[in-house]
Amino acid sequence: MIEKIWFENHPLKYLLWPLLWPLSKLFGKISRSRRASYQQGKKIAYRAPVPVIVVGNITAGGNGKTPVVIWLVEKLQELGYKPGVVSRGYGAKAPSYPLLVGAETSTAHCGDEPKLIYKRTNAPVAVDPVRANAVQALLPLGVDIIITDDGLQHYALERDIEFAVVDGKRRFGNQQLIPLGPLREGVERLAEVDFIVTNGGKALADEVAMTLQPSLAVNLKTAEQMPVSQLKGLVAMAGIGHPPRFFNTLEHLGADLVYSQGFADHQDFEVSQLTALAARGTHLIMTEKDAVKCSDYTQENWWYLPVSASFSQQDEQRILERIKQTKEHYGSPSA
């Protein structure tokens, strides 16, 4: 219901406004004060010996940050760099920190997004609520560029390049701060970032347009690949920031959807829960982020749909050129 108030101008806002408005003002005051303490040197931020790129947003929920992180990692690997990724590991609890993600690392310990990034890129990934500690865990591995998955508001870590990812259709909702609206920071913060990446919708003149390109559906158990349109009786599920985006993608691919179910972002699933859901149709299809949490108990009729970030050649060149220039400023890791 809260998202209906944020993004759909639901009439309930008039009832909740007296409660949420002062909380929103308090949130903004605390947020601005915290940032000012780092800007004024009252709190010390960690400066890494290699470039740090932050991929975040100014709104709560998922806007497509992780596909941007994966795209950056893959492009930098193609250029001969050795990028590493840091994350707070939202929703997970590791036995100890910092945690280096590996093939056997449980998503309960590292989180779904860090595990997905590791599986897609094979890049070093470190998880720690204190991102400076995660960075320091990656440096001995020869990492020469750090990319943070989220963390635009994590000012304890200094950064060289900032990406703010925006949902091109929902934008900033009612443009109010949490909890009255979806904003973590005011929209004026976007004037300070290096790249505003707009996921879907229509990008404005100063924004970089991004689309999410789906590939073939992949079977969780056998790794078989197949066009979504050939899977009949599909039950779709999505535990992401905005599940309708996934369901709309499936419809555009000609999927034979018989039922769809959205879940909270980062939600953990029970085997019985997903088995019952799959029984509503012939096949169950999910996001790749959900799939990394289901690998231990997957069934033969369970599939996931990978998506990849795509940019125009001009925007791609502009982004990579900026990173190259920043890297040249730092020199080699041994310099």
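Conventions and cut-offs
Residues numbered from 1 in each chain as written. Predicted model: local features only at pLDDT ≥ 70, side-chain atom pairs only at ≥ 80, totals over all residues. Heavy atoms only, no water. UniProt positions renumbered as here; feature names shortened; annotations may be inferred. Core = buried A, V, L, I, M, F, W, Y, C linked by side-chain atoms within 4.5 Å. Buried < 20%, exposed > 50% of the residue type's maximum accessible area, 1.4 Å probe, protein only. Helix = DSSP H or I, 4+ residues; strand = E, 2+ residues; numbered from the N terminus. Contact = heavy atoms within 4.5 Å. Axes fitted to C-alpha atoms, helices over the stretch in contact; angles between N-to-C directions. Parallel < 35°, antiparallel > 145°, perpendicular 65-115°, else oblique. Left-handed = near helix turned anticlockwise from the far one by under 90°. Pairing = 2+ DSSP bridges. Phe/Tyr/Trp six-rings, centres within 6.5 Å; stacked < 30°, edge-to-face > 60°. Lys NZ or Arg CZ within 6 Å of the ring centre and 35° of its normal.

- The name that an unreviewed UniProt entry assigns to the protein is Tetraacyldisaccharide 4'-kinase, with the source organism given as Vibrio ponticus.
- As stated in UniProt under Catalytic activity (unreviewed entry), the record for the protein gives "a lipid A disaccharide + ATP = a lipid IVA + ADP + H(+)".
- You can read under Pathway (unreviewed entry) in the UniProt record for the protein the words "Glycolipid biosynthesis; lipid IV(A) biosynthesis; lipid IV(A) from (3R)-3-hydroxytetradecanoyl-[acyl-carrier-protein] and UDP-N-acetyl-alpha-D-glucosamine: step 6/6."

## Remarks on the nonpolar core
- Membership of the largest hydrophobic core comes to 36 residues, with the highest contact counts inside it found for Leu72, Phe163 and Ile323.
- With seven residues, the single largest contributor to this core is helix 3 (residues 65-78).
- Setting aside chain neighbours within four positions, we find Ile323 in contact with Ile53, Leu72, Leu76, Ile145 and Ile161.
- In this structure, Leu152, Leu157, Ala164 and Phe172 belong to the second largest nonpolar core, which totals 23 residues.

## Overview of the packing of helix 3 against helix 5 (residues 112-121)
- Helix 5 packs onto helix 3 with a crossing angle of 30° between their chain directions and a minimal axis gap of 10 Å. When the axes of helix 3 and helix 5 are compared, the pair comes out roughly parallel. The handedness of the crossing between helix 3 and helix 5 comes out as right-handed. Residues Thr66, Val69, Ile70, Val73, Glu74 and Gln77 of helix 3 form the contact with helix 5, whose participating residues are Glu113, Leu116, Ile117, Arg120 and Thr121.

## Regarding the sheet that holds strand 5 (residues 145-149)
- Strand order in the open sheet formed by nine strands is 3-4-2-5-1-6-7-8-15, and the pairing between neighbours is mixed. What marks the edges here is a single partner per strand, and that holds for strand 3 (99-100) and strand 15 (307-310).
- Here four bridges tie strand 8 (residues 208-214) to strand 15, and the two strands are oriented antiparallel to one another. Residue pairing in the sheet places Gln213 in a bridge with Ser308 of strand 15.
- Helix 5 contacts strand 2 (83-87), strand 4 (125-127), strand 5 and strand 15 of the sheet and is inclined by roughly 170° relative to strand 4.

## Side note on the packing of aromatic side chains
- Applying the stated rule across the entire model yields six aromatic pairs.
- Considering the side-chain rings of Phe246 and Phe247, the 6.1 Å spacing of their centres and the 55° angle between planes classify their relative orientation as tilted. Comparing Phe246 with Phe247, the two get one shared label, buried.
- One cation-aromatic arrangement involves Arg170 over Phe7; the distance from NZ or CZ to the ring centre is 4.1 Å.
- Looking at Arg280, its charged tip hangs above the ring of Tyr259, at a distance of 4.0 Å from the centre.

## Thoughts on the UniProt feature "binding site: ATP" (unreviewed entry) in the protein
- Taking the numbering used here, the UniProt-annotated feature "binding site: ATP" (unreviewed entry) corresponds to Thr59, Ala60, Gly61, Gly62, Asn63, Gly64, Lys65 and Thr66.
- Looking at the secondary structure, you find Gly61 in the loop between strand 1 (52-56) and helix 3.
- With respect to the helices and strands, Gly62 occurs in the loop between strand 1 and helix 3.
- The residues contacting Gly62, other than those within four sequence positions of it, are Arg170, Gly241, Arg245 and Asp265.

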